[in-house]
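Here are the chains, one letter per residue:
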Amino acid sequence: MITVVGSVNMDLVVQTDVFPKQGETVLGQLFTTVPGGKGANQAVAAARLGGNVHMVANVGNDGFGEELLENLKRNSVDVSGVTESTGVATGIANILLSDGDNRIIVVPGANYELTLACIDEMKETIRASKLVLLQLEIPIPTIIHTLKICADLNVPVLLNPAPAGGFQNEFMSYLTYLTPNETECEQIFGPDMEAALESYPNQLIVTLGSAGARYYDGEKHVIIEGFKTDVVDTTGAGDTFNGAFAYAIVEGFELTEAVTFANAAASLSVEKFGAQGGMPARADVELRLGSDWR
């Protein structure tokens, strides 16, 4: 079982041919609402691959919250650990898409109502988990409390440090895996990526977008190439990587195999619209990998 402790948002997506400059108004081509939030995205990614996934989160008692819960259920995510707050709106992410790239503003809303008491109520679920998956779109005290519970229960933890501004160096002693992208890695550890990787062998995995991912195995730097793909929307690619990586680790894949599997899943996710729209099933990932990849 994978337990995801994290955010659930509704993504408000606008597509345009050009990003507006300060003070500029431009015309857009599309507006839509799609389920998102890094926690929910990663939960859906792992569940679509076949994982037994439990979500621990908080939403508002509103239309967006109801819709997001139904979406998680449709994707076979257990929502018994999702609470609802009255008087606080469900979190949203305002996503601006242009030319295959994105800019995102997150308003946490009810995500910041995920309290220490909520985590305590899910302690037995955490105890039964093979891996707990975290991001940084919920309150930092809740993150720290979850890390300490996982340490007490000897449950492995994967932290995707996004947004990286909430990261604290003391987290590292609690983590089995940390998966920043290049920008997040520099923000956390400074410009020398190789030195950072060498400081945390087999623990720090840096995602490189279309170039794949890399880590240090204690003796050498391991670079795992990405997959060629036709990009439609990069939103959720990192979340797909993390959900797929978590799934692969729980399935018993070796580290290189898990990163390769996650790269393939992420490459599929960008070929469709929306954070969750292109998240693949395991059969799709294996087809992209080919029969002789392991």
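Shown above is the structure to which this text applies.
Residues numbered from 1 in each chain as written. Predicted model: local features only at pLDDT ≥ 70, side-chain atom pairs only at ≥ 80, totals over all residues. Heavy atoms only, no water.

(A) Structural view of the layout of surface pockets. Its boundaries defined by the atoms lining it, the largest pocket holds a volume of some 1300 Å³. Lining the largest pocket we find 50 residues, and of these Lys-38, Asn-181, Thr-234, Ala-237 and Gly-238 sit closest to its centre. Among the elements of the structure, strand 2 (9–16), helix 1 (38–48), strand 6 (91–98), strand 7 (101–107), helix 6 (182–189), helix 8 (237–250) and helix 9 (255–269) are those that each provide at least two residues to the lining of the largest pocket. A per-element tally of the lining of the largest pocket places helix 8 first, with 5 residues. Partitioned by chemical class, the residues of the lining of the largest pocket number 20 nonpolar, 23 polar and 7 charged. (1 Å grid on protein atoms, 1.4 Å probe; cavity = no way out; pocket = protein on both sides within 12 Å on 5 of 7 lines; lining within 4 Å. Points joined across faces, edges and corners; volume = space filled by probe spheres on them. Helix = DSSP H or I, 4+ residues; strand = E, 2+ residues; numbered from the N terminus. Nonpolar A, V, L, I, M, F, W, Y, C, P; charged D, E, K, R; others polar.)

(B) A look at the sheet that holds strand 7. Here 4 strands make up an open sheet; going across it, the order is 3-2-6-7 and the pairing mixed. Edge positions in the sheet fall to strand 3 (28–36) and strand 7, since each of these pairs with one other strand and no more. Along the sheet, successive strands turn relative to each other by an average axial angle of 20°, direction set aside. Bridge count between strand 2 and strand 3: 8 bridges; the pairing is antiparallel. By the bridge assignment, Asp-11 is partnered in strand 3 with Val-34. (Pairing = 2+ DSSP bridges. Axes fitted to C-alpha atoms, helices over the stretch in contact; angles between N-to-C directions.)

(C) The arrangement of the packing of helix 8 against helix 9 in detail. Between helix 8 and helix 9, the shortest axis-to-axis distance is 8 Å and the interhelical angle comes to 145°. As helix 8 runs across helix 9, the sense of the crossing is right-handed. Contact residues: helix 8 offers Ala-237, Thr-240, Phe-241, Ala-244, Phe-245, Tyr-247, Ala-248 and Ile-249, while helix 9 offers Leu-255, Ala-258, Val-259, Phe-261, Ala-262, Asn-263, Ala-265, Ala-266 and Ser-269. Each residue belonging to the contact of helix 8 with helix 9 can be placed in one class, and the counts come to 14 nonpolar, 3 polar and no charged. (Left-handed = near helix turned anticlockwise from the far one by under 90°. Contact = heavy atoms within 4.5 Å.)

(D) View of helix 6. All buried positions along helix 6 are accounted for by Glu-184, Cys-185 and Ile-188. The arc that holds every buried residue of helix 6, seen down its axis, measures 100°, which confines them to one face. Helix 6 presents Thr-183 and Gln-187 as exposed residues on the side facing more than 90 degrees away from its buried surface. Buried-residue contacts for helix 6 involve helix 7 (193–199) and strand 11 (206–207). The opening residue of helix 6, the one whose side-chain oxygen lies 3.1 Å from the backbone nitrogen of Thr-183, is Asn-181. (Buried < 20%, exposed > 50% of the residue type's maximum accessible area, 1.4 Å probe, protein only. Arc of directions from axis to C-beta. Polar contact = N/O pair within 3.5 Å; in protein donor to acceptor, adjacent residues only side chain to side chain.)

(E) The pattern of salt bridges, seen in detail. Applying the stated criterion to the full structure yields 8 salt bridges. For Asp-217, the salt bridge is made with Lys-220, and the minimal N-O distance between the two is 2.7 Å. As a salt-bridge pair, Arg-282 and Glu-286 come within 2.8 Å of each other at their nearest N and O atoms. Here Arg-282 and its partner Glu-286 are both found in helix 10 (residues 282–289), 4 residues apart, which amounts to about one turn of the helix. Among the ionic contacts, a cluster of salt bridges with common partners joins Glu-251, Arg-282 and Glu-286. (Salt bridge = Lys/Arg side-chain N within 4 Å of Asp/Glu carboxyl O.)

(F) Representation of the nonpolar core within the structure. Grouped together as the largest cluster of nonpolar side chains are 51 residues, with contacts concentrated most on Met-55, Ile-205, Phe-241, Phe-245, Val-259, Phe-261 and Val-285. Sorting elements by how many residues they give to this core places helix 9 first, with 9 residues. In this structure Val-285 touches Leu-49, Phe-261, Ala-264, Ala-265, Leu-268 and Pro-280, once residues within four positions along its chain are discounted. With 34 residues, the next largest nonpolar core counts Cys-150, Val-157, Phe-171 and Met-172 among its residues. (Core = buried A, V, L, I, M, F, W, Y, C linked by side-chain atoms within 4.5 Å.)

(G) Fine view of the pairing of strand 6. Among the 8 residues that make up strand 6, 6 are buried, leaving the element largely enclosed by the rest of the structure. With 7 bridges connecting them, strand 2 and strand 6 associate as parallel partners. Each residue of the ladder has a partner; that of Val-14, found in strand 6, is Leu-96. Here strand 6 runs beside strand 7; their pairing, made up of 7 bridges, is antiparallel. When the sheet's bridge partners are listed, Ile-95 is paired in strand 7 with Ile-104. Turn length for the strand 6-strand 7 hairpin, with the two strands adjacent in sequence and antiparallel, is 2 residues, and the turn residue Asp-99 shows positive phi of about 55°.

No statement about biological role is implied by the geometric values presented.
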